[in-house]
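# Survey of secondary and tertiary structure
For reference, the chains in residue letters:
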Amino acid sequence: MDQDLQDFTDYLSRVAGKSPNTVRSYRADLSGFLHLMHLHGFDDPAQIDLAAIRSWLAHESATHARSTMARKTAALRSFFGWLSRHGRIKTDPTLALSSPKQSEHLPRILTHDQARTLMDTVDQDPVEPREDQKVQAALQVRDAAMLELLYATGMRVAELCGLDLDDVNRHSRTVKVLGKGSKERVLPYGLPADRALDRWLGEGRPVLAGSRARSARKAGQALFLGQLGGRVGQRQVRKVVHQAAGQAGVPDIAPHALRHSAATHMLDGGADLREVQEMLGHSSLRTTQRYTHVSIEQLRARYRQAFPRA
């Protein structure tokens, strides 16, 4: 079954064009599933029936959220569907498998004032650094540019980390991102993000890239760099966002909350739902519609607070 899993993950990345995160998650889900099936005496995917699949899902649901279970179910469907199409099994046991209903909880966002406070905090000019403080000052400039760009465009963390220098068009103030399913989209950004990028490219990035040839090769074409000169990682970006929220005194948020906030604030400002869908890279308008619910909830809260007969 190991070869089946390897062939399937190769298909996901090379043919289906799934993102590295999706391939990694599906592989982890299926590895756990196939390992347990092996322990229960199943040595061939063709032996696995719907009852065994449901039993595993029931076991997993005790310790995982609905969203995770929906992904595990999708991984199983995709895997067995692929096996069936390629003649490795006669029938697909997941055809009768239903997806767990996901909760309709609203995404967490910052208010307009909280977002402004956060950006004002990270955009503060650092004092002229001493020689031994230049790396720390460069990181501060980088952090400001990353947060400004996340909030200005609503891009995902993985998309931010994957940006190269030539993905940014300073003249038109747009950035080209590679989203899920290897789909490209071009996103505009405003003057605050442009100023933050200008400072990062002019003052911060050269410090982290280093003057030595080895450091320059390590940096490559990556737009944002880590402290050692390589491409910045998603974990680093998440840490930066958490720390910046704490320093600004706003609710502790993850980078995805900046994406939620950008979408909601655009809708509050009068943007069309289709425009926000395009900006976020959602394949379904239904996913984007969650943000209209957030805007309505905010309107209700302001109404209750301001209207005497609410």
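Everything quoted here is computed from the prediction, not taken from an experiment.

What counts and what doesn't
- Residues numbered from 1 in each chain as written.
- Predicted model: local features only at pLDDT ≥ 70, side-chain atom pairs only at ≥ 80, totals over all residues.
- Heavy atoms only, no water.
- Axes fitted to C-alpha atoms, helices over the stretch in contact; angles between N-to-C directions.
- Helix = DSSP H or I, 4+ residues; strand = E, 2+ residues; numbered from the N terminus.
- Parallel < 35°, antiparallel > 145°, perpendicular 65-115°, else oblique.
- Contact = heavy atoms within 4.5 Å.
- Nonpolar A, V, L, I, M, F, W, Y, C, P; charged D, E, K, R; others polar.
- UniProt positions renumbered as here; feature names shortened; annotations may be inferred.
- Buried < 20%, exposed > 50% of the residue type's maximum accessible area, 1.4 Å probe, protein only.
- Expected span 1.5 Å × (residues − 1).
- Pairing = 2+ DSSP bridges.
- pLDDT = per-residue confidence, 0-100.
- Polar contact = N/O pair within 3.5 Å; in protein donor to acceptor, adjacent residues only side chain to side chain.
- Core = buried A, V, L, I, M, F, W, Y, C linked by side-chain atoms within 4.5 Å.
- Arc of directions from axis to C-beta.
- Phe/Tyr/Trp six-rings, centres within 6.5 Å; stacked < 30°, edge-to-face > 60°.

## Looking at the packing of helix α6 (residues 134-153) against helix α11 (residues 255-268)
Axis angle and axis distance: for two packed helices, these are the angle between their axes and the distance between the axes, and together they describe the pair. Where α6 meets α11, the axes come as close as 7 Å, and the angle between the chain directions of the two elements is 40 degrees. By the angle between their axes, α6 is oblique relative to α11. Residues Leu 147, Leu 150 and Tyr 151 of α6 pack against Pro 255, Leu 258, Ser 261, Ala 262 and His 265 of α11. In terms of residue class, the contact of α6 with α11 is built from six nonpolar, two polar and no charged.

## A short note on the UniProt feature "active site" (unreviewed entry) in the protein chain
The positions UniProt marks with the feature "active site" (unreviewed entry) are Arg 156, Lys 180, His 256, Arg 259, His 282 and Tyr 291. Structurally, Arg 156 can be placed in the loop between α6 and α7 (157-161). The exposure class assigned to Arg 156 is buried, which follows from its relative accessible area of 12%.

## So, the packing of helix α1 (residues 2-14) against helix α4 (residues 66-85)
The geometry of α1 relative to α4 is characterised by a closest axis approach of 11 Å and an angle of 100 degrees between their N-to-C directions. The orientation of α1 relative to α4 falls into the category roughly perpendicular. In contact with Asp 4, Leu 5, Asp 7, Phe 8, Tyr 11 and Leu 12 of α1, α4 contributes Ser 78, Phe 79, Trp 82, Leu 83 and Arg 85.

## As for α6
Because each turn of an α-helix spans 3.6 residues, side chains separated by three or four positions end up pointing in the same direction. With 20 residues, α6 extends 29 Å from end C-alpha to end C-alpha; this agrees with the ideal 28 Å at 1.5 Å per step. Just downstream of α6, Gly 154 is the residue with a positive phi angle, here 70 degrees.

## With respect to the sheet that holds strand β2 (residues 174-178)
Taken together, three strands build an open sheet; the order of strands is β1-β2-β3 and the sheet is antiparallel. Among the strands making up the open sheet, the edge pair consists of β1 (168-169) and β3 (184-188). The sheet contact formed by β2 and β3 spans five bridges and is antiparallel. Within the sheet, the bridge partner assigned to Leu 178 lies in β3 and is Glu 184.

## Re the confidence of the model for the protein chain
Confidence in the prediction for the protein chain averages 82 pLDDT; 81% of positions are at 70 or higher. Low confidence marks residues 212-216, where pLDDT is under 50. Its contacts with residues over four positions away, or in another chain, come to four contacts. Note that residues 306-310 has pLDDT below 50 and, in this model, two contacts with residues that lie over four places away or in other chains.

## Section: the side chain of Thr 153
By secondary structure assignment, the location of Thr 153 is in helix α6. The class for Thr 153 is buried, based on a relative accessible area of 1%. In this structure the side chain of Thr 153 is engaged in a polar contact, spanning 3.3 Å, whose partner is the backbone nitrogen of Met 155. Not counting chain neighbours up to four residues away, the residues in contact with Thr 153 comprise Val 175, Leu 187, Pro 188, Tyr 189 and Met 279.

## Concerning unusual backbone geometry
Despite not being glycine, Arg 173 shows a phi value in the positive range, around 50 degrees. With respect to the helices and strands, the residue Arg 173 is situated in the loop between β1 and β2.

## Describing the nonpolar core
Of all hydrophobic cores here, the largest spans 51 residues; its most connected members are Leu 149 and Phe 224. Residue assignment for this core shows that the elements contributing at least two residues are α5 (112-122), α6, α7, β2, α8 (191-209), α10 (234-248), α11 and α12 (273-280). When sequence neighbours within four positions are dropped, the list of residues in contact with Phe 224 reads Arg 142, Ala 145, Met 146, Leu 149, Leu 160, Leu 197, Trp 200, Gly 230, Arg 231 and Val 232. Membership of the second largest hydrophobic core comes to 25 residues, among which are Phe 42, Ala 52, Met 69 and Ala 75.

## Here we look at α1
Taking 1.5 Å as the rise per residue, α1 with 13 residues should run 18 Å; its terminal C-alpha atoms sit 18 Å apart, in good agreement. Those residues of α1 not exposed but buried are Asp 4, Leu 5, Phe 8, Thr 9 and Leu 12. Buried residues of α1, seen end-on, are gathered within an arc of 125 degrees and therefore sit on one face of the element. Relative to its buried face, α1 has exposed residues pointing more than 90 degrees away, namely Asp 2, Gln 3 and Arg 14.

## Looking at the environment of Thr 117
Following the sequence through the fold, Thr 117 ends up in helix α5. Spatially, the C-alpha atom of Thr 117 lies 6.4 Å from that of Ala 248, the residues being 131 residues apart in sequence. Residues within four places of Thr 117 in sequence aside, it is in contact with Ala 248 and Val 250.

## Things to note about the packing of aromatic side chains
Evaluated as defined, the whole model comprises eight aromatic pairs. Measuring from centroid to centroid gives 5.3 Å for Phe 8 and Phe 79, while their planes differ by 70 degrees, and the two rings are edge-to-face. One end of the pair, Phe 8, is in helix α1; the other, Phe 79, is in helix α4, with 71 residues separating them in the sequence. Across the pair, Phe 79 and Phe 8 agree in class, each one buried. Each member of the aromatic cluster is reached from another via a ring pair, and the members are Phe 8, Tyr 11, Phe 33, Trp 56, Phe 79, Phe 80 and Trp 82.

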